[in-house]
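Remarks on the overall topology
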Number of protein chains: 2
Amino acid sequence: MHKMNPMIELSFAEENYLKAIYHLSSGGQNMVNTNAIAERLNTKPASVSDMIRKLSEKGVITYLKYQGVNITELGEKRALWVIRKHRLWEVFLVEKLNFHWDEVHEIAEQLEHIHSSLLISRLDEFLKYPKFDPHGDPIPNEEGIISSKPRIILSELKKGTASELVSMKDTGAVFLNYLDRIGMKIGAKITVIDTIEFDGSLEIKTDEDRVLSISKQVADNLLVIAK
Amino acid sequence: MHKMNPMIELSFAEENYLKAIYHLSSGGQNMVNTNAIAERLNTKPASVSDMIRKLSEKGVITYLKYQGVNITELGEKRALWVIRKHRLWEVFLVEKLNFHWDEVHEIAEQLEHIHSSLLISRLDEFLKYPKFDPHGDPIPNEEGIISSKPRIILSELKKGTASELVSMKDTGAVFLNYLDRIGMKIGAKITVIDTIEFDGSLEIKTDEDRVLSISKQVADNLLVIAK
DNA sequence: ATAAATTTTTAGATTGGCCTAAATTTATTT
DNA sequence: AAATAAATTTAGGCCAATCTAAAAATTTAT
Ligand SMILES: [Mn+2]
Ligand SMILES: [Mn+2]
Ligand SMILES: [Mn+2]
Ligand SMILES: [Mn+2]
């Protein structure tokens, strides 16, 4: 059955602030400062000050003047709801409409604000309940719970441990093209064979026991889940 | 290949006004008056006066004070583009996400404002280039051309002419439930056998030579295309 | 043709979301 | 512990989209 969702009214702008604050606080852990929010949203610190006053009145964040912002339970729930919608739409665009993973973000930024929880549960069903979006980021469930193992950057993976590629930090076209070229894609199995002291580059073994060498810079942008 | 679409910037509100004006003018034919727009959009005439000034400055409508509004070529094109998006999304919701036709309008009202012509051409392809939306309304093509035969109300169909049910005027749940009950749905073949003078009711023959009688009120709400 | 009713526009206010410039608070140097 | 720098808030303003109340134009009725 479908769940009633007595959501607080938030504008597009407010939802975007909340999402930015959620991400900047690494999921509600650290405090977030005004300038960081302004930079992330391409606005001015003065606008942020205005908005965080409003958001704290609505109970989705708390803040002490000059001390920074913390997201509340309610706010985190809402941020995760928006993130869920964003990522499900991204899956739809890639899986059903044949978009490439580097083309979907802007459209998902719009679609994430469509209001209808029934729509999203139907979309989730249609997509067969995906756990990750096309960039490897986990999709929160209806309760806003992310039930996937933590992702780590490949350069921090212990030598010899098998892992699966789930996400990239750099999602620019240049990097993604390079990955395409070396045949590296989401879901690839990766084991680190050796680490080269000199430049931090890695020797890795991938899917069909293919061995290749990647630079530290590349390894720093690949997110894996240890198996 | 994908077509460049150098669209004028319009807000959600402006797009909704334009769509209302298009519909109220029956596709750009008659002039539209301020009060009608206000009523349709649940706003006040004063707000409409403001907005039509702005829209005429943007070149999507023309108007003379106190005389009413006419939509321009540019405005009609844009209205049809929004209508195209609305109806394609409605098809998606019904065909792919298993919504019922009477549940999709509100969601499509939101989705119709998503900006991306690539998204819409991909969606169109995914849906196999549908010609009608779930309510039987025709879907304009990328150029804004509606290439389907005119729809007429069943009570105006000549006796003996075969037709196909393509749309309902009343899309309320009560009426749609009634149609479900008498087994009448989009695509049904209908021929008028006889018209009863007394109350305007019709004897009609439907798909498998089933004969039934419907009131004038029902016939006035069924839109058909003569074959 | 005047009066009355209706429609439409203008005037003035409000709210949301943004801005710049200036003031204030906190953090970092010296 | 001052002085300086950086971050943050406040003050004041702008634009979009709405509203109510009042004025003006048009239409309809007498
Ligand atoms: Mn994204
Ligand atoms: Mn993503
Ligand atoms: Mn609709
Ligand atoms: Mn429709």
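Every value quoted in this text rests on a predicted model; they were computed, and no experiment measured them. (Residues numbered from 1 in each chain as written. Chains lettered and ligands numbered in written order. Predicted model: local features only at pLDDT ≥ 70, side-chain atom pairs only at ≥ 80, totals over all residues. Heavy atoms only, no water.)

1. Here we look at the coordination of the manganese ion (ligand 4)
Protein coordination at the manganese ion (ligand 4) comes from Glu90 of chain B (OE), Asp133 of chain B (OD) and His135 of chain B (ND1), with a distance range of 2.1 to 2.3 Å. The metal-metal distance between the manganese ion (ligand 4) and the manganese ion (ligand 3) is 3.4 Å, with Glu90 of chain B serving as a donor to both. (Donors = N, O, S within 2.8 Å, 3.2 Å for Na, K, Ca; no water.)

2. Some words on the relation of the copies chain A and chain B
You can overlay chain A on chain B at an RMSD of 0.2 Å; the transform is a turn of 180° with a shift of 0.1 Å along its axis. Between the two chains, the operation in question is that of a two-fold axis. Among all residues of chain A, the minimum C-alpha distance to the rotation axis is found for Leu111 of chain A, at 3.9 Å. Looking at chain A, 100% of its interface residues are interface residues in chain B too, so the copies touch through the same face. (Least-squares fit on C-alpha atoms with pLDDT ≥ 70 in both. Contact = heavy atoms within 4.5 Å.)

3. Here's the deal with the sheet that holds strand E4 (residues 162–168) of chain B
Residues and elements named next belong to chain B. Spatial strand order, E3-E8-E4-E5-E6-E7: six strands in an open sheet with antiparallel pairing. Each edge of the open sheet carries a strand with a single partner, namely strand E3 (152–153) and strand E7 (210–214). Where strand E5 (residues 189–195) and strand E6 (residues 202–206) come together, four bridges link them in antiparallel fashion. If you follow Asp194 over to E6, its bridge partner there is Glu203. Against the sheet, helix H7 (residues 173–181) touches E4, E7 and strand E8 (222–226), its axis set at about 145° to E4. (Pairing = 2+ DSSP bridges. Helix = DSSP H or I, 4+ residues; strand = E, 2+ residues; numbered from the N terminus. Axes fitted to C-alpha atoms, helices over the stretch in contact; angles between N-to-C directions.)

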